[in-house]
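Chain by chain, the residues run as shown.
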Amino acid sequence: MTIPVENVVVSVDRTFVFIFGSSALILVLIACALVYFVWKYDRKRHPVPAEFDGNLTAEIIWTVLPTILVMAMFAYGWSSFTALRGVPEGAMTVKVTARMWSWSFEYPDGKKSKELVVPVGAPVKLLLTSTDVIHGFFAPAFRIKMDTVPGMTTYAWFQPEKEGVHDIFCSVYCGLHHANMLTHIRAVTPEAFAAWLAEAPAAGLDGRALLDKYGCLGCHSLDGAASMGPTFKDIKGRGTILVAPDGKESTVTADEAYLLKAVQGDKGGVVKGFDPLMPVFTGQIPEPELNAMVRFLLTGEAAAGPDGAALAEREGCLGCHSIDGSALVGPTFKGLFGGKTTVVQHGHDQQVLVDQDYVLEVLADPQKRPTKGYEPMMPAYPNLSPEEKQALVQYLKSLAGAGQ
Ligand code: HEC
Ligand code: HEC
Ligand SMILES: [Cu+2]
């Protein structure tokens, strides 16, 4: 089913204007009639009340007119309902997760984000759910208001026609920081969207995985084995003899600048002793990925680990934990790591050291030993990868203060 798009907003508004307009009109008519009758039939002008014994015409009118009006309201309402519920084919699906007190969005390629970035001119389908209590996804600019319910997936869709930034609110009161559950829809050009999607996720890029993804490892070995192209083993600082198209030979050192060009296949010559089979990737590999691959070639490191600060924000930790020492729903992260905390287990207080093991335990099963003096509201994070958990531990460590 395809529905012309502005029609969602337009038809919702038309329904609203029609119902509101006809109600307002009826209100005015009734008020005027009331005043008129009070004036016309007061005791001075009408000392003796008239007696009626039924009026068929009047009865038909007051049955037929409201029926028409209500049917018209239904027709308008039905058209906007179908527009809101009928997702056009080919819509990009974005998973929306609501939690106390933040939103996160996951794209089909696995990219996660705190804001909902979408391309203009294409429909977006939202699959909504919640990890804790009922929240409401409310995007007034697109006339969407849909509950997000734990254990259930609801949906909505919209299509931005212009570039712009639009608010997203939570429409269901969900506790202390309900009012902070704010983010936005950012509608950008399709090109900007593609670039944004390809950007390095906050989790960091794995250079080795990228070499695999771009098919480099089909022609280059990592272990020194001979292949179609030179091996990547010990490529750093290696002297390479390049043969330029005019046959001139030159020796280059495999440093970062050379590799950045070589990886894209435009190093200006062919490595001596090899066939010119290296594909040209110029402009096809986004810069962050290029850098990650070169970093891997130079250092052998897969990637910088995930960024703990970005992760803490994206996963909503910072909605409940401050980093400046102030108390929110949970204890502040400032100075937490390396210090002592009091937890309750089997009704007994217990002093524990906040170290890596403790943080990992909290992320896996926060209610095993909840922190004393706080509501047991900390959600479990079973879906974080070991690297992500590690990044959070490092992040907490970095907030521990001097000497930790
Ligand atoms: C179809 C096989 C093939 C694929 C796929 C391929 N390469 Fe190559 N590559 C070669 C060949 C052959 C050479 C040597 C000849 C030349 O310089 O063109 C080479 C040369 C290189 C060099 C220079 C090596 C040196 O010793 O100076 C680098 C760096 C390189 N490739 C990186 C990559 C990366 C990164 C990818 C993936 C994005 C990739 N290659 C994909 C075949 C391939
Ligand atoms: C909904 C609010 C909320 C969110 C979201 C949340 N926490 Fe918590 N957290 C709490 C509360 C409340 C406590 C204390 C009570 C308890 O242990 O359940 C707590 C306790 C903790 C503790 C133990 C502190 C101590 O002194 O014992 C750590 C560590 C922690 N959270 C880390 C995190 C991390 C990391 C994240 C994000 C991945 C996160 N929290 C997300 C509310 C939250
Ligand atoms: Cu909410």
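Details of the structure are given in the entry above.
Basis of the calculations
- All chains use their own residue numbering, which begins from 1 and follows the written sequence.
- To label them, take the chains in the order written and letter them from A, then take the ligands in the order written and number them from 1.
- Where local features are concerned, this predicted model is filtered to residues with pLDDT of at least 70; where side-chain atom pairs are given and counted, the filter is 80 or more; whole-chain, interface and lining totals use all residues.
- For the side-chain quantities, the full set of heavy atoms in the structure was used; hydrogens and water were omitted.
- Should DSSP find at least two bridges between two strands, the strands are regarded as paired.
- In DSSP terms, a helix is any run of H or I states spanning at least four residues, a strand is any run of E spanning at least two, and both are numbered starting from the N terminus.
- Here a Phe, Tyr or Trp ring, Trp counted by its six-membered ring, pairs with any other such ring whose centre lies within 6.5 Å, and the pair is stacked when the planes are under 30 degrees apart, edge-to-face when over 60, and tilted otherwise.
- The buried label goes to any residue with under 20% of its type's maximum accessible area, the exposed label to any with over 50%, and the partly exposed label to all in between, with areas taken from a 1.4 Å probe on protein chains only.
- Each metal site is built from N, O and S donor atoms within 2.8 Å (3.2 Å for Na, K and Ca), and since water is not included, such sites may look incomplete.
- Site shape is set this way: if four donors have all angles between 85 and 135 degrees, tetrahedral; if opposite donors are over 155 degrees apart and all others between 65 and 115, square planar for four donors and octahedral for six; otherwise irregular.

**Student:** What exactly am I supposed to notice about the sheet that holds strand β8 (residues 154-158) here?
**Tutor:** Sheets are built from strands paired through backbone hydrogen bonds, the pairs being either parallel or antiparallel. The strand order β3-β2-β1-β5-β8 describes an open sheet built from five strands, whose pairing is mixed. Every other strand in the sheet has two partners, leaving β3 (112-113) and β8 as the edge strands with one partner each. Pairing between strand β2 (residues 102-106) and β3: two bridges, direction antiparallel. Bridge pairing in β3 places Glu 106 opposite Lys 112.

**Student:** Got a minute to help me understand the packing of aromatic side chains in this structure?
**Tutor:** In this description, a pair of aromatic rings is defined by centroid distance and the angle of the planes. The tally for this structure, following the rule as stated, stands at 13 aromatic pairs. Seen in terms of ring centroids, Tyr 36 and Trp 39 are 6.2 Å apart; in terms of plane orientation they differ by 35 degrees. Their pairing is tilted. Taken together, the positions of Tyr 36 and Trp 39, both in helix α1 (residues 6-40) and three residues apart, correspond to about one turn of that helix. Look at Tyr 36 and you get partly exposed, because its relative accessible area is 42%. Under the relative-accessibility criterion, Trp 39 is labelled partly exposed at 48%.

**Student:** It is not clear to me how the coordination of the iron atom of ligand 2 should be interpreted in this structure. Could you clarify?
**Tutor:** Put simply, a metal with four donors set out as a tetrahedron has ideal angles of 109.5 degrees, and one with six donors set out as an octahedron has ideal angles of 90 or 180 degrees. Only His 321 (NE2) and Met 378 (SD) from the protein coordinate the iron atom of ligand 2, and they sit 1.9 to 2.0 Å from it. Metal-centred angles of 87 to 179 degrees between the six donor atoms at the iron atom of ligand 2 mark the site as octahedral. You can see His 321 sitting in the loop between α8 (317-320) and β14 (340-345) and its partner Met 378 sitting in the loop between α9 (356-364) and α10 (386-398), a full 57 residues away along the chain. On the accessibility criterion, His 321 (11% relative accessible area) is buried.

All we've got here are geometric facts, nothing functional implied.
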